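Remarks on the overall topology
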Amino acid sequence: MKVSFYVLSDSKAQDFLGFICQLTQTALNKSSQSLLILVEDDALLSTLDEALWAQEATSFIPHQRLLANNTEGDDSEVDINKRLAPVLLGGYMPADFNGIVINTTTQPVNAFMQATSNAQPTRILELIKPDATSVQEGRNKYKAYQQLGYELTHFKV
């Protein structure tokens, strides 16, 4: 599996929502796969939800918010391929998910994969802010992915 780390500059970190929207649009343009944005923080989830709806009409990003704690009518039984929106937002990985993951959480994606069934993301995009805590979490994720034998790349943006 490929994991790309995006080490954000101060200006990109200040426009974190804008960068996520831009990265989401780029991923959608380059792939026909579903995309999951993992978000643990409810405030970030709400503002990201609004930001994706507020995109210009020509670059609208259709998305669907997963309900907290996997309570969307026992989402574990929902066929991920029958979802309407190409982008999902939530704090967990739905069963059978097999697309791209943008991870804004403190944990590596494999922690979310272990908590669900048959999830096999094809690519992981990790966002690292320039503060000390985020950088340390990024290092921990890098080591975890390295131990799993994933193909790792990083970009300074």
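Residues numbered from 1 in each chain as written. Predicted model: local features only at pLDDT ≥ 70, side-chain atom pairs only at ≥ 80, totals over all residues. Heavy atoms only, no water.

Along the backbone of the protein there are 5 helices and 7 strands. Starting at the N terminus, the α and β elements of the protein follow one another as β-α-α-β-α-β-β-β-α-β-α-β. Counting over 157 residues, the protein shows a buried share of 43%. Taking contacts inside the protein between residues at least 6 apart in sequence as the whole, the part at least 24 apart equals 63%. Carbon and sulfur atoms make up 48% of the accessible area of the protein, which totals about 8300 Å². (Helix = DSSP H or I, 4+ residues; strand = E, 2+ residues; numbered from the N terminus. Buried < 20%, exposed > 50% of the residue type's maximum accessible area, 1.4 Å probe, protein only. Contact = heavy atoms within 4.5 Å. Areas by Shrake-Rupley, 256 points an atom, 1.4 Å probe, with all protein chains shown as cover.)

It is worth spelling out the packing of helix α2 (residues 16-30) against helix α3 (residues 42-53) at this point. Remark: α2 packs on α3, axes separated minimally by 10 Å, with the N-to-C direction vectors making an angle of 55°. The angle between α2 and α3 places the two elements in the oblique class. Read as a crossing pair, α2 and α3 show a hand that is right-handed. Counting all contacts with α2, which are made through F16, L17, I20 and C21, the residues of α3 involved are L44, T47, L48, A51 and L52. Class assignment for the residues of the contact of α2 with α3 results in 8 nonpolar, 1 polar and no charged. (Axes fitted to C-alpha atoms, helices over the stretch in contact; angles between N-to-C directions. Parallel < 35°, antiparallel > 145°, perpendicular 65-115°, else oblique. Left-handed = near helix turned anticlockwise from the far one by under 90°. Nonpolar A, V, L, I, M, F, W, Y, C, P; charged D, E, K, R; others polar.)

In this structure the tally under the stated criterion is 5 aromatic pairs. Pairing F5 with Y142 gives two aromatic rings, centres 5.4 Å apart and planes at 50°, and the pair type is tilted. In this pair, F5 sits in strand β1 (residues 2-7) while Y142 sits in helix α5 (residues 132-147), placing the two residues 137 residues apart along the sequence. These aromatic residues form a ring-pair network of at least three members: F5, Y142, Y145 and Y150. We note K129 situated over the ring of F16; from NZ or CZ to the ring centre the distance is 4.2 Å. (Phe/Tyr/Trp six-rings, centres within 6.5 Å; stacked < 30°, edge-to-face > 60°. Lys NZ or Arg CZ within 6 Å of the ring centre and 35° of its normal.)

Ordered by their spatial adjacency, 7 strands build an open sheet running β3-β4-β2-β5-β6-β1-β7, and the pairing between neighbours is parallel. Where the open sheet ends on each side, the last strands, each with one partner, are β3 (63-65) and β7 (151-156). On average, each strand axis in the sheet is tilted by 20° relative to the strand beside it, whichever way the strands run. Its contacts with the sheet put α2 on β1, β2 (35-38), β4 (87-90), β5 (100-103) and β6 (123-128), and the angle it makes with β6 is roughly 160°. Contacts between α5 and the sheet are confined to β1, β5, β6 and β7, with β6 contributing the most and set at about 155° to the helix. (Pairing = 2+ DSSP bridges.)

Below, the discussion takes up the nonpolar core. With 25 residues, the main nonpolar core has I37, L48 and L127 as its most contacted residues. Those elements that provide at least two residues to this core are α2, β2, α3, β4, β5 and β6. Of all the elements, α2 adds the most residues to this core, at 7 residues. Sequence-distant contacts of L48, defined by excluding residues within four places in its chain, comprise L17, I20, C21, I37, V39 and L89. Listed in part, the 19 residues of the second largest apolar core include L36, L66, V101 and I128. (Core = buried A, V, L, I, M, F, W, Y, C linked by side-chain atoms within 4.5 Å.)

You can see T116 is positioned in the loop between α4 (109-114) and β6. Here M93 takes part through its backbone oxygen, which lies 3.2 Å from a polar atom of the side chain of T116. Sequence-distant contacts of T116, that is, excluding residues within four places in its chain, are made with M93, P94 and A95. (Polar contact = N/O pair within 3.5 Å; in protein donor to acceptor, adjacent residues only side chain to side chain.)

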